[in-house]
Structures are given as structure tokens and as C-alpha cells.
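# Survey of secondary and tertiary structure
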Amino acid sequence: DGDGQSEHLLPVCEDTACQKSAIYLTKLGLDQWIPVLQDFRNKDTLWGFVPNQNDKTSMEISFPITLHIGDYNMDGYPDALAILQNTSGSNQQAFLLENVPCNNVSCKSVRRMFKVFWELSDLNQIKDAVVATFFDIYEDGILDIIVLSKGYSKKDFAIHTLKNNFEADAYFVKVIVLSGLCSNDCPRKITPFGVNQPGPYIKYTTVDANGYLKNGSAGQLSQSAHFALQLPYNVLGLGRSANFLDHLYVGIPRPLGEKSIRRQEWTAIIPNSQLIVIPYPHNVPRSWSAKLYLTPSNIVLLTAIALIGVCVFILAIIGILHWQEKKADDREKRQEAHRFHFDAM
């Protein structure tokens, strides 16, 4: 809900055959689970999660009910991908669940809910989908979709990739927190980059286009089971605000028994950039380093073209004025010469 705190999501089947499905949410301060999606009906067809197969003699692989989280439209509110099947069991597909403002009483306390996109032609064409997740295929900060579906036989699978054509004027920041470790003792003058690690937590604060404070947070590799398929980095949507990030906080897990918080803060982070954080050494956050990578987009090219055009226009005006001034000077010189001869006579 954009308050800077992470919530727990729980997709459930409320009966054995998954005739009734729901997604519940709870957060710090709540003493109950709040439904954020209960309406799985599309026209005359009722959909629901795919129930887990308990038949051990079956050769089919049983996939657990899993939500894959990602901000596909970069509005700052994370969306989800889920595998649903119609209650008749004749088809199962991947569906995009958009994070939208709550419009019913049941989710009023959490202010947000999920809405199923039933009419996405690209996803609807992939039949017998079993897993769907987000992936930044083009490394441009926009999350695309990967779908795994059943092939011609029960043991075959096919992988489909769908490019996200979302082109609204929205911004993001991409953060990856490395482990800050070497395989052995690091030689001198070599920074221990390491690899991505599970557990880091990223949070940012900024000001949106209307001047209101905007928060966002995410955990890096927060799951390790149930077909997590999470990215080794976090793409945080900033909405339509092109402002710098006022504060970006990064924290890593601490050993059991240690009381000091391992957290560092960076300020004035440029939107549409990638930040690589190297927490070395782990117990001295002041010594952590961060490398900012900014990839120029088409907007930079358009800005350069506009700047060159303005410069050419200004030069043309200056040239015209200079030409007019030169003509005036020549006219004045002729008048002076004529006046001199007239006086001489």
C-alpha cells in the first residue's frame, strides 16, 4: 500500500476443490487476515487457484499455489502474477493481478486490493500454464513476463516470454545488494563484491508530483521455496515522479545475538538508475559503498535533439539580427561618405 512496510500475502483455497479462492493480507498492527481478492468470476466462468495434487501415483508435477510479485506498471504499488483454472478444470492460464485502490468494505482497512486482468490477449493465448513470473529481459527496468506451460505431453514444458509494452511516463530505481564476500581472503585493493544475497531490505522515500511523501520497500530474495523464481535485484516503481529519491535505506540481516542494526542510507538517487550496494565490511555500515549506473534512454536523445534545435533557432535569430545590423552600418557609412563630399563642395 505504499507505506514503506512489507505485508504478508496468503493465497488460499477455501475448499478442497478450489471452487472458492481468495488472497488474504496481514501487516504489522493487524490482528487478522484481510481479503484483498475474492472475486474470481469472469462473466459466466468461475476461476480459482489450482489445487495441489495429493495423488502420489500421478506422473504430473504438482505446483503449489504461488504469487509472484512485481510492479509491472511502475506506479509504486506491487502487482502479482497467478495461475488460475476454471472450476470445470478444462483450462488453466496465467493472469495479471493489478494493485488498485480498494472499492469494497472488506479491504477498507488496508486501502488496496487486487483486480484480475481477464482480457490480456497475450496471456490468454498461453494454455495450460503452470508457472508465471516477472523478469527484466531487456535490462531496461521494465518487468516482462515469463510463463511456463505444458507441452504436447505431460512431461514436456514450453517457455514463453512476453514483452511489457508499458510506455507511460513512469520512473523506477533498480537496486541489487551484494554479499560483500570473497571466496577466500581478498587481496589488497580489491573490493569484495561477492554475489547477490537473500535477506536484504530496501526502502526509499521521495516526493511525488503532487508534493506528497511517497514510500516504497521490498525484500531481496525473500523466498527460497515454492517455486519462488524471484529476481536477484529489486525494481521499485516511482510512479510519474521524476524527482530524486530523498533517502534510500539498505539493511542486511545480522547474526543471532547482535543488537546493532546493519543499515546504511544514501541520498539524492537519480531515477531510472541501477544501484549496486556492496556492504563491506558487514558490521561497519559507514564503510559500505554503492555504485550508481545510469543508462541513457530515448528521452536523453530527444532532449539533445530539442537542445540542438533550440540552439540552431537562436543562432538563426542572431544571424538575422547581425545581418540587419550590418546593413544598417553600411547605410550609415554611405550617408557619412555622402555628407563628407557635400561638405567638401
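Residues numbered from 1 in each chain as written. Predicted model: local features only at pLDDT ≥ 70, side-chain atom pairs only at ≥ 80, totals over all residues. Heavy atoms only, no water.

Here is the rule we go by: UniProt positions are given in the numbering used here, feature names are shortened, and annotations may be inferred rather than shown by experiment.
Going by an unreviewed UniProt entry, the protein chain carries the name T-cell immunomodulatory protein and comes from Leptosomus discolor. Per UniProt, the protein chain has the following entry under Sequence similarities (unreviewed entry): "Belongs to the TIP family." According to UniProt, the comment filed for the protein chain under the heading Subcellular location (unreviewed entry) is "Membrane".

### Some words on the sheet that holds strand β1 (residues 8–13)
Definition in use: Strands were regarded as paired on the criterion that DSSP finds at least two bridges between them. Helix and strand assignments follow DSSP, with helices taken as H or I runs no shorter than four residues and strands as E runs no shorter than two, numbered in order from the N terminus. Angles run from 0 to 180 degrees between N-to-C directions of axes, and those axes are lines fitted to C-alpha atoms, restricted for helices to the stretch in contact.
Taken together, three strands build an open sheet; the order of strands is β1-β2-β3 and the sheet is antiparallel. Looking at which strands have only one partner, the edges of the open sheet turn out to be β1 and β3 (34–37). Across the sheet, the mean angle from the axis of one strand to that of its neighbour is 40°, orientation sign disregarded.

### Concerning the pairing of strand β2 (residues 21–26)
Two faces belong to every sheet, and in a regular strand the side chains alternate between them. So the rule is basically this: A simple rule labels every residue: compare its accessible area, found with a 1.4 Å probe on the protein chains alone, to the largest value its type can have, and call it buried under 20%, exposed over 50%, or partly exposed in between.
Burial analysis of β2 places six of its six residues in the buried class, the great majority of the element. Summarising the sheet, β1 and β2 pair through six bridges and their orientation is antiparallel. If you follow P11 over to β2, its bridge partner there is I23. Judged from the three bridges that link them, β2 and β3 form a sheet pairing that is antiparallel. Along β3, the bridge assignment pairs I23 with L37.

### A word on the nonpolar core
Threshold: We define the nonpolar core as a collection of buried residues of types Ala, Val, Leu, Ile, Met, Phe, Trp, Tyr and Cys that are connected through side-chain atoms lying within 4.5 Å of one another. In this entry, domain limits derive from an automatic or database-based domain assignment. The contact rule is simple, with two residues in contact once any of their heavy atoms fall within 4.5 Å.
With 26 residues, the main nonpolar core has A94, L123, F134, I145 and V147 as its most contacted residues. Only β7 (79–86), β8 (92–101), β10 (129–135), β11 (144–150), β13 (171–177) and β19 (273–278) provide two or more residues apiece to this core. The biggest single contributor to this core is β10, with three residues. Each of domain 1 (7–162) and domain 2 (171–295) accounts for three or more of the residues forming this core. Beyond its immediate chain neighbours, meaning those up to four positions away, I145 contacts L81, L123, T133, F134, F135, H160, T161 and L162. Membership of the second largest hydrophobic core comes to 22 residues, among which are L37, A82, F95 and V110.

### Focus: the packing of aromatic side chains
Going by this rule: Aromatic contacts are taken between Phe, Tyr and Trp rings whose centres are within 6.5 Å, Trp giving its six-membered ring; a plane angle under 30 degrees counts as stacked, one over 60 as edge-to-face, and the others as tilted. Any Lys NZ or Arg CZ that is within 6 Å of a ring centre and within 35 degrees of that ring's normal is treated as a charge sitting over the ring.
Per the stated rule, a full pass over the model turns up six aromatic pairs. Relative to F49, the ring of F40 lies with its centre 5.5 Å away and its plane at 65°, an arrangement referred to as edge-to-face. F49 gets classed as buried once you look at its relative accessible area, which sits at 2%. Pairing W47 with F95 gives two aromatic rings, centres 5.0 Å apart and planes at 75°, and the pair type is edge-to-face. Here W47, found in strand β5 (residues 45–49), pairs with F95, found in strand β8; they are 48 residues apart in sequence, far enough to count as distant. Exposure class is identical for W47 and F95. Each is buried. An aromatic cluster is present here, built from W47, F95 and W118 joined pairwise through their rings. Positioned above the aromatic ring of Y138 is the side chain of K163, whose terminal nitrogen or guanidinium carbon lies 5.4 Å from the ring centre. Geometry around Y233 places K174 over its ring, the cationic atom sitting 4.2 Å from the centre.

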